[in-house]
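Structural overview
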Amino acid sequence: MAHVLGQNQYGKAENRIVRVYRDSTRHEIKDLNVSVSLQGEFEDVHLTGSNANCLPTDTTKNTVYAFAKEYGIESAEAFGILLARHFVDNTERGVVHSARIRIEEYSWDRIKTPDSSARFIGSEEVGHSFVRTGQETRTSEIVYDGTSVQVVSGLKDLVVMNSTNSEFWGYIKDKYTTLQEAYDRILATQVTARWKYGYSGQEGEAQPNWNRSYQHVKRHMLEAFAETYSYSLQQTLHAMGTRVLNNRAEVDEVRLELPNKHHFLVDLSPFGLENDNEVYYAADRMYGLIEGTVHREGVVPVIPVA
């Protein structure tokens, strides 16, 4: 029986890179985790062992670091587009047909030092001390196939909670149902969100302001979470995606993965105490996982299901 080589790709994963800008006494930092994956004419590499069409993964790693110096990192998306175009358009003999760049970005805030505790005069102006922020990790995925660019940005590990304005009742009940209906509950989740831009990288097409867009998309999702009186986490998911599409014209599709971080009331009656929605047990697993995509009418969704 004949065997066929199916889909294949290769690259260098998780290239950790920190780019420090020292143009003034107030330094800037970009902290990225960059993964490169290439597809193309690599059959011989697998079938015969010939590496004639193989760009070493070490070269892709070196390119990431060299580009950080040569072009800088204005945003993860713009940096990823530069890399993807380079691997497809400039690799010898055109053997790379498609490049996918996945990036995680980690944020840092400046450490403020008051005059009274400064170790040296003017240290609060130098701006070279940072603390890693822990709200979320910014993500981006750029794919370039030699013709068009696809940009999917996102975030993960953004933990949010509403301490009230959430209910869950009226659901299907059968002989295995033990969950009690809730008319005032904690709603908490750890948001993973991805959104696809309408930008396609055609000649003359201006890139969105990636950093500003990211901040606004995040803000609209958080505002929708806070302002939605929720009867289910599914309803909240739809409200978050809809809010983004209503306010950010550059975004065509939003996909959200929302694990329900359950908070269960603790039974305090054995101790003669009444628990009036005050003391909860926070369970980390098992958990309900709510997933869904919201997209503009006429748009074919492309963000894959996890």
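A brief report on the enclosed structure follows. (Residues numbered from 1 in each chain as written. Predicted model: local features only at pLDDT ≥ 70, side-chain atom pairs only at ≥ 80, totals over all residues. Heavy atoms only, no water.)

1. Remarks on the overall build of the protein chain
Helices and strands together make up the secondary structure of the protein chain, namely six helices and 12 strands. Taking the principal axes of its C-alpha atoms as reference, the protein chain extends roughly 75 × 75 × 40 Å. A sequence separation of at least 24 residues applies to 66% of the contacts in the protein chain between residues at least 6 apart. Considering the protein chain, the positive charge centre built from 32 side chains and the negative charge centre built from 42 side chains are found 4 Å apart. (Helix = DSSP H or I, 4+ residues; strand = E, 2+ residues; numbered from the N terminus. Contact = heavy atoms within 4.5 Å. Lys, Arg positive; Asp, Glu negative; His and termini not counted. Charge placed at Lys NZ, Arg CZ, Asp CG, Glu CD.)

2. Observations concerning the environment of leucine 187
Note that leucine 187 resides in strand β8 (residues 187-197). Aside from chain neighbours lying at most four places away, what touches leucine 187 is Val160, Met161, Asn162, Ser166, Phe225, Ser230, Leu233 and Thr236.

3. So, the packing of helix α5 (residues 210-227) against helix α6 (residues 233-247)
The description of two helices packed together rests on the angle between their axes and the distance between the axes. Running from N to C, α5 and α6 cross one another at 140°; their axes reach a closest spacing of 8 Å. Of the possible angle classes, the one that applies to α5 and α6 is oblique. For the pair α5 and α6, the sense of crossing is right-handed. Across from Val217, His220, Met221, Glu223, Ala224, Phe225 and Glu227 in α5, the residues of α6 making contact are Thr236, Ala239, Met240, Arg243, Val244 and Asn247. Counted by class, the contact of α5 with α6 contains seven nonpolar, three polar and three charged residues. (Axes fitted to C-alpha atoms, helices over the stretch in contact; angles between N-to-C directions. Parallel < 35°, antiparallel > 145°, perpendicular 65-115°, else oblique. Left-handed = near helix turned anticlockwise from the far one by under 90°. Nonpolar A, V, L, I, M, F, W, Y, C, P; charged D, E, K, R; others polar.)

4. Thoughts on the sheet that holds strand β2 (residues 28-40)
Taking strand neighbours across the sheet as the criterion, the eight strands line up as β1-β2-β3-β6-β7-β8-β9-β12 in an open arrangement whose pairing is antiparallel. Pairing within the sheet leaves two strands with one partner each, and these edge strands are β1 (15-21) and β12 (288-295). Along the sheet, successive strands turn relative to each other by an average axial angle of 20°, direction set aside. Where β8 meets strand β9 (residues 251-260), seven bridges bridge the pair, whose relative direction is antiparallel. Bridging from a neighbouring strand, threonine 189 pairs with asparagine 260 of β9. Of the strands in this sheet, β1 and β2 are in contact with helix α2 (residues 57-70), which crosses β1 at around 15°. Packing of α5 onto the sheet brings it into contact with β2, β6 (137-144), β7 (149-162), β8 and β9, and relative to β7 it is tilted by some 35°. (Pairing = 2+ DSSP bridges.)

5. Some thoughts on the nonpolar core
Among the nonpolar cores identified, the biggest contains 56 residues, and Val34, Phe79 and Trp195 are the most heavily contacted of them. No other element matches the eight residues that helix α3 (residues 76-90) contributes to this core. Not counting the four nearest positions on each side in its chain, phenylalanine 79 is found in contact with Leu32, Val34, Val64, Phe67, Ala68, Gly72, Ile73 and Ile103. (Core = buried A, V, L, I, M, F, W, Y, C linked by side-chain atoms within 4.5 Å. Buried < 20%, exposed > 50% of the residue type's maximum accessible area, 1.4 Å probe, protein only.)

6. Section: α2
Here α2 spans 20 Å end to end across 14 residues, near enough to the 20 Å set by a 1.5 Å rise per residue. When we look at burial in α2, the residues that qualify are Thr60, Thr63, Val64, Phe67 and Ala68. Taken around the axis of α2, the buried residues stretch over an arc of 130°, which confines them to a single face. Opposite the buried face of α2, at more than 90 degrees from it, the exposed residues are Lys69 and Glu70. (Expected span 1.5 Å × (residues − 1). Arc of directions from axis to C-beta.)

7. Focus: unusual backbone geometry
For the bond from arginine 285 to methionine 286, the omega torsion is -5°, close enough to zero to count as cis. Among the structural elements, methionine 286 can be located in the loop between β11 (280-282) and β12. Unlike most non-glycine residues, glutamate 14 shows phi in positive territory, near 55°. When you line up the elements, glutamate 14 lands in the segment before β1. Of the residues examined, glutamate 14 reaches a relative accessible area of 55% and is grouped as exposed. Unusually for a residue other than glycine, asparagine 277 sits at a positive phi of about 55°.

8. Quick word on the side chain of serine 98
Mapped onto the secondary structure, serine 98 falls in strand β3 (residues 96-106). If we ignore the near neighbours within four places in the chain, the residues touching serine 98 are Ser37, Leu38, Gln39, Val88, Val143, Tyr144 and Asp145.

That's the geometry; what it means functionally is another story.
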